[in-house]
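# Report on the structure
Residues per chain, in single letters:
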Amino acid sequence: MAKSSTLTNLVDEQEDVTKYTSLGAAQRDRLKENPGFYTRAWRRLRKDKVAIASMIGLILIVIFALAAPLIETWTGHPYTSTNLRAALVPPGTVVVDPATGESTRYWLGADGAGRDILVRLAYGGRVSLKVATLALIFSVIIGFTVGSVAGYFGGLLDSALMRFVDMLMCIPGITLLLIISVMMRPGPTGLAFVIALLGWTGMSRLIRGEVLSLKRRDYVDAARVLGASDHSIITKHILPNLISLIIVYASLSLPSLILYEASLSYLGFGVRMPDPSWGNMLNEARQLFRKSWTFTFIPGMAILVTALCINLFGNGLRDALDPRLKE
Amino acid sequence: MARYIIRRLIGLIPLLLGISFIVYALMNLVPGSPTSQFEMNPNIKPSDIARIQENLGLNEPWYTRYFIWLGNALKGDLGISYLNGQSVSRIITSAMPNTLALSIPSIIISVAFAIPVGVLGALKRNSLFDRVTTIFATIFYSTPTVFLGMMMIIIFGVKFQEWGLPNLPVAGTHNLRGGGDPWDRIVHLIMPVVTLSLVSLAGWTRYIRTQMLEVINQDYVRTAQSKGLKYRSVVMGHAFKNAMLPMVTLIGLSIPDIFGGALIVENVFGYRGMGQVQVEALQFSNYSVAMACVMFFAILTVLGNLIADILYGVLDPRVRLD
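Parameters at a glance
- Residues numbered from 1 in each chain as written.
- Chains lettered and ligands numbered in written order.
- Predicted model: local features only at pLDDT ≥ 70, side-chain atom pairs only at ≥ 80, totals over all residues.
- Heavy atoms only, no water.
- Helix = DSSP H or I, 4+ residues; strand = E, 2+ residues; numbered from the N terminus.
- Buried < 20%, exposed > 50% of the residue type's maximum accessible area, 1.4 Å probe, protein only.
- Polar contact = N/O pair within 3.5 Å; in protein donor to acceptor, adjacent residues only side chain to side chain.
- Contact = heavy atoms within 4.5 Å.
- Buried area = accessible area lost by both parts, 1.4 Å probe.
- Nonpolar A, V, L, I, M, F, W, Y, C, P; charged D, E, K, R; others polar.
- Core = buried A, V, L, I, M, F, W, Y, C linked by side-chain atoms within 4.5 Å.
- Phe/Tyr/Trp six-rings, centres within 6.5 Å; stacked < 30°, edge-to-face > 60°.
- Salt bridge = Lys/Arg side-chain N within 4 Å of Asp/Glu carboxyl O.
- Pairing = 2+ DSSP bridges.

## Details of unusual backbone geometry
Residue and element names in this part refer to chain B. Positioned with a positive phi, asparagine 126 is a non-glycine residue whose angle comes to about 70 degrees. Among the structural elements, asparagine 126 can be located in the loop between helix H5 (88-123) and helix H6 (128-141). Given a relative accessible area of 49%, asparagine 126 falls into the partly exposed group.

## Quick notes on the side chain of Ser254(B)
Structurally, the position occupied by Ser254(B) is in helix H10 (residues 231-268). From its side chain, Ser254(B) meets the backbone oxygen of Leu250(B) in a polar contact 2.6 Å long.

## Overview of the interface of chain A and chain B
If you look at the interface, chain A gives 39 residues, while chain B gives 46 residues. Together, the buried faces of chain A and chain B total about 3900 Å²; carbon and sulfur atoms form 78% of this surface. Counting across the interface, chain A meets chain B through 2 residue pairs in polar contact (both at pLDDT 80 or more). Looking at the side of chain A that touches chain B, the elements that each hand over two or more residues are helix H7 (155-169), helix H8 (173-184), helix H11 (230-267), helix H12 (278-285) and helix H13 (294-321) of chain A. Sorting elements by how many residues they give to the side of chain A that touches chain B places H13(A) first, with 11 residues. Within the side of chain A that touches chain B, the residues separate by chemical class into 29 nonpolar, 6 polar and 4 charged.

## Here's the deal with the nonpolar core
Considering soluble globular proteins, one finds that nonpolar side chains tend to be buried as a cluster. Core analysis: the largest hydrophobic core is formed by 126 residues, its most contacted members being Leu242(A) and Ile19(B). Among the elements that line this core, the one with the most residues is H11(A), at 15 residues. Beyond its immediate stretch of four places on either side in the chain, Leu242(A) contacts Phe144(A), Ile207(A), Glu210(A), Val211(A) and Leu214(A). By size, the runner-up hydrophobic cluster in this structure holds 19 residues, among which are Ala122(B), Tyr207(B), Ala224(B) and Ala239(B).

## A closer look at the packing of aromatic side chains
Taken as a whole and assessed by the stated rule, the structure comprises 19 aromatic pairs over all chains. With a centroid separation of 5.3 Å and 75 degrees between ring planes, the pair formed by Trp293(A) and Phe297(A) is classed as edge-to-face. With a centroid separation of 6.3 Å and an interplanar angle of 25 degrees, the aromatic rings of Phe136(B) and Phe140(B) are classed as stacked. Of the two residues, Phe136(B) and Phe140(B) are both situated in helix H6; the distance of 4 residues between them amounts to about one turn of the helix. A relative accessible area of 49% means that Phe136(B) is categorised as partly exposed. Here a set of aromatic residues connected by ring pairs shows up, and it is made of Phe21(B), Tyr24(B), Trp62(B), Tyr63(B), Tyr66(B), Phe67(B) and Trp69(B).

## Here we look at the pattern of salt bridges
Residues and elements named next belong to chain A. A complete count under the given rule lists 14 salt bridges over all chains for this structure. With a closest N to O distance of 3.5 Å, glutamate 284 and arginine 115 form a salt bridge. Pair noted here: glutamate 284 is in helix H12 and arginine 115 is in the loop between strand E2 (103-106) and helix H6 (117-153), with a separation of 169 residues, a long-range link. The exposure class of glutamate 284 is buried, given its relative accessible area of 16%.

## Remarks on the pairing of strand E1 (residues 93-96) of chain A
Relative to E2(A), E1(A) is paired through 4 bridges, and the arrangement is antiparallel. Directly across from Val96(A), in E2(A), lies its bridge partner Ser103(A).

What follows is the structure, given as structure tokens:
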């Protein structure tokens, strides 16, 4: 707490230029200390308790998913290994093997085939987070390319691309996802790509609008006069100004990508058994809802908490990076 | 006004043609066909499969089939199901009322709750009410529909039954043994409608609260207050109307999400509607039924957007439509 308050003072001092009457050591320090855009955004962000708490939550979730092999060794239950003696045991049960006398504990219980739910939750998290992150990266790339090309070149190309975006936006997302994934039967990376094929439309509209205004700025004209190519104007002069917008939009659209993966896998068109994902764990739970609520609750809460953390963190990021973008 | 509507309606034609072409191409360019299920069967000769394909018209290239489909669809003939020869129009007309009975009440409920809650939250900013509703809105906004639906089934369907409390049916559109009267159907709709409403309600409440906060800080609201108008008439007459304008567009744009959500909800509750029909059709590469479902959703979405634009023009005198 003390550390953050000294930092706050520092920032305040910098703002107060009138304190310095002549070019002294203090002013030179101030110039040296003059923080950049992202440093200042980070200082704003870390005053936001909710955002920091959700960031920590998110880091813990990612660590849990990355530690899946460790959890597997620790519990001694590989994620696909079945143990009928442990089938449908409630969380925390110790299962004893009468042949060897060995006992193992199922911390979150076991599913219908006796697979350890804790281990599957960690591996499922890996798959779900991987699909969502890849989908986000793909959709940012497609959205940025289409949006900036449409906005920058304008004219017929712009109208053609934007009519295409309108068209895609009129098909309910999940419908199009189903059509593609039902027939291509993609793996996690393919699934991410399929989700991205839909997710880029909003991004491209936003980027297009922003590029339309950026391309009329004087520094862009100056670059053009100096003989810069279209490619280098877009990547060196326009893209850097869009980074904060892209970060904010991406962080706010990540939860919906996680929910898309979950819905698709739940319907049986996403990640397929025996590979676990949070969505297909919910699918398995459908047959077991009369047995116990934990089968539904555990993967469902995993999705909810992850989406919630990203949403809250994204809100904090938006306020820190770009206060213009209020919802 | 009339001219604007006509112009927009004409503009819908190329849009819908484009959508139908993209979807048809997608369905036909990826592997899998209505006859794939026979190829594994050793009792069916390749010549039989060829005959079935010819009968269904599947031996033509897909773009030829698209134009045949389009021509027939424009005449009102949506073809037959590749699986059982049932007429596609009949399949659609039997499933559509169920989907509409699910989604229309849920839109109405969402709006009816989201507007007062969002407006009150903005007017009494940082009050207990505002904090509690914001927390709930944020949580429900992050909740997967599937999870919400399944937990409702477990709590109100299974646990309430165990505890001997009045419980709700866990699946279906009506009770198959002697049910089917309006009351029975409404009871079966309660959980699906609430599930579908909660998620969109959460997003809309947040949106309305932000809009309202923005509007009540505008100069004209301060002017209205300072010239001595009653608080109530300032809020209702000046702030509320302007805060609601973007809401019209938002609802129009949310229509695809609502039908997407309905598809999931139908699956969770085993509720037979367009979503279920579509999922089944896609599982068996039943193109004719799947096409009809996609186009049904697309037409609703396009019309929703159009109505939102028209309403916006009617409500906001600054927008000139023609």
